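Chain by chain, the residues:
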Amino acid sequence: MVELTERDYQVLWYAWQSRYISARQLNRLFWPDAGDRATRLRLETLTHAHLLNSATFRVLSESVRTLYYPTLAGNR
């Protein structure tokens, strides 16, 4: 069980409002002073705790974009 921080609750709320959101957007909003790695590690933690899911899409033939969205548990 992961211990949620105030920022985690804000991330889950924002993901719920947006439906889908990228790690880059979350990084700019909630971890502006941290690198991409810190954001991705926390998103992985929330994903492994079944609070977020992710979907990966191929964009413009070679780019890959991963979007995050809340699970039912994350919505609660």
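Attention here is on the structure that accompanies the text. Since this is a predicted model, take the numbers as computed values, not measurements.

Glancing now at the overall build of the protein chain. For the protein chain, the helix and strand inventory stands at four helices and three strands. Going from N to C terminus, the protein chain has its helices and strands arranged as α-β-α-α-β-β-α. A compact globule built from 76 residues should have a C-alpha radius of gyration of about 11 Å, and the protein chain, at 12 Å, falls within 12% of that. With the C-alpha coordinates aligned to their principal axes, the bounding extent of the protein chain is approximately 40 × 30 × 20 Å. In the form shown here, the protein chain has an accessible surface area of approximately 5700 Å², with 49% of it arising from carbon and sulfur atoms. Put simply, the protein chain has 10 plus and 7 minus side-chain charges, and the middle of one group is 7 Å from the middle of the other.

Looking now at the pattern of salt bridges. Under the defined criterion, the tally for this structure stands at one salt bridge. The partner of Arg42 in a salt bridge is Asp8, and the shortest N-O contact between them spans 2.3 Å. Here Arg42, found in helix α3 (residues 36-48), pairs with Asp8, found in helix α1 (residues 6-18); they are 34 residues apart in sequence, far enough to count as distant. Judged by relative accessible area, which is 21%, Arg42 ranks as partly exposed.

Their axes nearest at 11 Å, the elements α1 and helix α2 (residues 23-30) cross at an angle of 135 degrees. Taken together, α1 and α2 sit at an angle that is classed as oblique. In this structure, α1 meets α2 at a crossing whose hand is right-handed. Listed contacts from α2 to Arg7, Gln10, Val11 and Tyr14 of α1 are Leu26, Leu29 and Phe30. Class assignment for the residues of the contact of α1 with α2 results in five nonpolar, one polar and one charged.

So, on to α1. Between its terminal C-alpha atoms α1 stretches 18 Å, which fits the 18 Å expected from 13 residues at 1.5 Å a residue. Of all the positions in α1, only Asp8, Val11, Leu12 and Ala15 are classed as buried. Down the axis of α1, the sector holding all buried residues measures 95 degrees, keeping them to one side. Residues of α1 that are buried in the fold lie against β1 (21-22), α2, α3, β2 (52-59), β3 (63-70) and α4 (72-75). With its phi angle positive at about 75 degrees, Arg19 sits one or two positions after the end of α1.

The rules behind the values
- Residues numbered from 1 in each chain as written.
- Predicted model: local features only at pLDDT ≥ 70, side-chain atom pairs only at ≥ 80, totals over all residues.
- Heavy atoms only, no water.
- Helix = DSSP H or I, 4+ residues; strand = E, 2+ residues; numbered from the N terminus.
- Rg over C-alpha atoms; globule rule 2.2 N^0.38 Å.
- Areas by Shrake-Rupley, 256 points an atom, 1.4 Å probe, with all protein chains shown as cover.
- Lys, Arg positive; Asp, Glu negative; His and termini not counted.
- Charge placed at Lys NZ, Arg CZ, Asp CG, Glu CD.
- Salt bridge = Lys/Arg side-chain N within 4 Å of Asp/Glu carboxyl O.
- Buried < 20%, exposed > 50% of the residue type's maximum accessible area, 1.4 Å probe, protein only.
- Axes fitted to C-alpha atoms, helices over the stretch in contact; angles between N-to-C directions.
- Parallel < 35°, antiparallel > 145°, perpendicular 65-115°, else oblique.
- Left-handed = near helix turned anticlockwise from the far one by under 90°.
- Contact = heavy atoms within 4.5 Å.
- Nonpolar A, V, L, I, M, F, W, Y, C, P; charged D, E, K, R; others polar.
- Expected span 1.5 Å × (residues − 1).
- Arc of directions from axis to C-beta.

Function cannot be read off these values alone, since they describe shape.
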